[in-house]
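# Chains, contacts and geometry: an overview
Single-letter residue listing:
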Amino acid sequence: MKPTRLKDVVEIVGIAAIVVSLIFVGLEVRQSAAATRGATQQALTDAAREASGALSEDEATAELTMRFLSATSWSDLSESERFRSVLLFTSMMRVYESAYYQWGEGNLAPAVWVGWEASIRGVAPMPGVALFWSDRRLYFNEPFRNYFEEQMKMTNHDPSLGTLEVISGDSK
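Here goes a summary of the coordinates provided.

Reading the values: rules and limits
Residues numbered from 1 in each chain as written. Predicted model: local features only at pLDDT ≥ 70, side-chain atom pairs only at ≥ 80, totals over all residues. Heavy atoms only, no water. Phe/Tyr/Trp six-rings, centres within 6.5 Å; stacked < 30°, edge-to-face > 60°. Helix = DSSP H or I, 4+ residues; strand = E, 2+ residues; numbered from the N terminus. Buried < 20%, exposed > 50% of the residue type's maximum accessible area, 1.4 Å probe, protein only. Lys NZ or Arg CZ within 6 Å of the ring centre and 35° of its normal.

### Some thoughts on the packing of aromatic side chains
Going through the model one piece at a time under the given rule, you end up with 17 aromatic pairs. Ring geometry for tyrosine 100 versus tyrosine 147: centroids 4.6 Å apart, planes at 25°, classification stacked. With tyrosine 100 in helix α3 (residues 79–104) and tyrosine 147 in helix α6 (residues 142–155), this pair connects stretches of sequence that are 47 residues apart. Its relative accessible area of 18% is what places tyrosine 100 among the buried residues. Given the relative accessible area of 11%, tyrosine 147 is considered buried. For the pair phenylalanine 144 and tyrosine 147, a centre-to-centre distance of 6.4 Å together with 40° between the ring planes defines the contact as tilted. One end of the pair, phenylalanine 144, and the other, tyrosine 147, are both in helix α6, three residues apart, so they sit about a helical turn from each other. Classification of phenylalanine 144 by relative accessible area gives buried; the value is 0%. An aromatic cluster is defined as three or more aromatic residues linked by ring pairs; in this entry it consists of Phe68, Trp74, Phe89, Tyr100, Trp103, Trp113, Phe132, Trp133, Phe140, Phe144, Tyr147 and Phe148. Sitting over the face of the ring of tryptophan 74, arginine 82 holds its NZ or CZ atom 4.4 Å from the ring centroid.

In short, the description is geometric, and any link to function would need to be established separately.
Structure representation (structure tokens):
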């Protein structure tokens with residue numbers, strides 16, 4: 001084989017190896033992204049389960065949360081009830097904020113985000129949430145604040161969202 005022909009063959013083999021390597025890297029990146037999305041969804045689910053666990057396991061906490069969500073004034077709750085409600089709801093809002101961030105980063109599938117968004121829209125118009133938000137809105141990042149405030153505006157007109165009857169299953 002002539003040296004120029006051998007050089008051409010070596011170059012073709014080299015190019016083919018590069019193409020195969022790029023395909024392999026692309027597949028690895030795709031699998032890594034899928035694993036990240038799955039881990040993100042699981043972490044958010046675990047965080048939501050933990051935040052809601054206190055409500056489902058302790059009747060007093062559930063009753064306090066229902067009073068908090070329907071409160072139109074902080075005077076509707078004692079100082080310790082306000083403290084407990086703010087801690088619990090801050091935890092839940094952090095989960096919502098994280099879900100929003102992960103969705104924006106592409107780490108949460110749009111089909112999964114739909115459920116999170118429905119949950120946010122169900123909570124956003126509740127009177128106690130407005131109390132909480134007026135005091136604590138600056139605790140959250142600006143993009144999430146803007147998003148949540150839009151949800152508060154959008155859902156205020158729909159009486160089927162954000163009512164304790166809908167949450168407890170008592171709606172008719």
